[in-house]
Amino acid sequence: MRVKTFVESAGFRNFIMALIVINAITLGLETYPYDGVWFTTWMPLLDRTIVAIFVVEIALRLIVYRHRFFMNGWNWFDLAVIIISILPAAGGFSVLRALRIVRAFRLFSVMPDLRKVVEALLRAIPGMGAVMAVLGLMFYVSAVMATKFFSETNPERFGSLGESAFALFQVMTLEGWATDVAIPVMEFHPWAWVFFLVFIVLTSFAVLNLFIAIIVDSLQAKHFDEEEARDLEADADRDVLHAEIAAMRGQISDLTALVQRSVGEASPASIAEKDADKSE
């Protein structure tokens with residue numbers, strides 16, 4: 001019981017959160033080309049110490065929750081991150097050394113607000129699939145049209161279907177689309193600006209905004225679900241209180257009736273009637 005109280009305490013959670021932040025900072029500092037004693041000796045020691053604390057944390061949670069630990073997806077995520085952290089960073093596992101930074105993602109599981117955002121994004125994925133299908137169809141049709149229109153005059157950008165799709169992706173991001181893509185094409189096709197503007201309106205301003213709308217809707221739905229859960233819990237608590245009050249009223253009524261009978265039996269008239277019955 002004490003272990004469970006310790007693991008679920010706000011102080012322990014804040015301590016783990018601070019370690020995650022510190023570990024993320026140290027892993028970022030390791031990318032700098034510095035050969036000082038702090039980088040070569042103390043930083044690896046600090047990293048191993050933090051990983052050991054994470055392992056102890058997971059062990060304590062396994063002891064407290066047992067089989068219920070594996071019923072939560074966030075616990076699986078934490079366990080996977082810790083397993084990656086303790087695997088040897090040599091030989092066939094050397095590529096996992098670069099994956100140590102994924103420990104920073106544990107902030108998602110530790111901080112409830114970040115967890116809500118991630119859960120809302122995951123809930124939005126099914127709706128985003130339909131939007132991605134629409135966007136993919138627009139890209140395919142536009143890439144085929146651009147290849148047919150501009151491949152002869154601008155083969156470096158629109159020589160094939162793949163090159164056209166890549167160029168249109170740059171147009172969709174609005175990053176240098178005019179100077180790098182549109183203007184060179186317009187030197188041979190003055191009307192090409194119509195094609196690019198229609199493509200930008202349909203992709204950047206319309207379809208991509210649908211992604212934002214779906215994510216916002218998912219966040220709102222998540223908020224409403226939490227409010228509904230709280231309302232249901234409050235209703236359940238209210239029903240319990242009403243039942244307890246009704247039971248207490250019944251007990252008070254029974255006690256009142258019992259007291260009244262006791263007082264009636266102890267009244268002078270009742271005592272005189274009992275004496276008369278005995279004399280007879």
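(A) Quick peek at the nonpolar core. One finds Phe150, Phe158, Leu168 and Phe196 to be the most contacted residues of the largest nonpolar core, which totals 23 residues. Every element with two or more residues in this core is listed here: helix 6 (112-150), helix 8 (161-173), helix 9 (177-186) and helix 10 (192-265). With eight residues, the top contributor of residues to this core is helix 6. Excluding residues that lie within four positions of it along the chain, Phe196 makes contacts with Phe150, Phe158, Leu168, Val171, Trp177, Val181, Ala182 and Val185.

(B) Seen up close, the side chain of His189. Its place among the elements puts His189 in the loop between helix 9 and helix 10. Assessed through its relative accessible area of 13%, His189 is described here as buried. Discounting residues that sit within four places of it in the chain, His189 has contacts with Phe149, Phe150 and Thr153.

(C) Just the packing of aromatic side chains, in detail. This structure, assessed with the given rule, holds 14 aromatic pairs. Centroid distance Phe70 to Trp76: 5.2 Å. Interplanar angle 55°. Geometry classified as tilted. Each ring, one from Phe139 and one from Phe169, has its centre 6.5 Å from the other, and the planes form 40°; the classification is tilted. In this pair, Phe139 sits in helix 6 while Phe169 sits in helix 8, placing the two residues 30 residues apart along the sequence. The class for Phe139 is buried, based on a relative accessible area of 13%.

Conventions we followed
Residues numbered from 1 in each chain as written. Predicted model: local features only at pLDDT ≥ 70, side-chain atom pairs only at ≥ 80, totals over all residues. Heavy atoms only, no water. Core = buried A, V, L, I, M, F, W, Y, C linked by side-chain atoms within 4.5 Å. Buried < 20%, exposed > 50% of the residue type's maximum accessible area, 1.4 Å probe, protein only. Helix = DSSP H or I, 4+ residues; strand = E, 2+ residues; numbered from the N terminus. Contact = heavy atoms within 4.5 Å. Phe/Tyr/Trp six-rings, centres within 6.5 Å; stacked < 30°, edge-to-face > 60°.

These results come straight from atomic positions and should not be treated as a statement about function.
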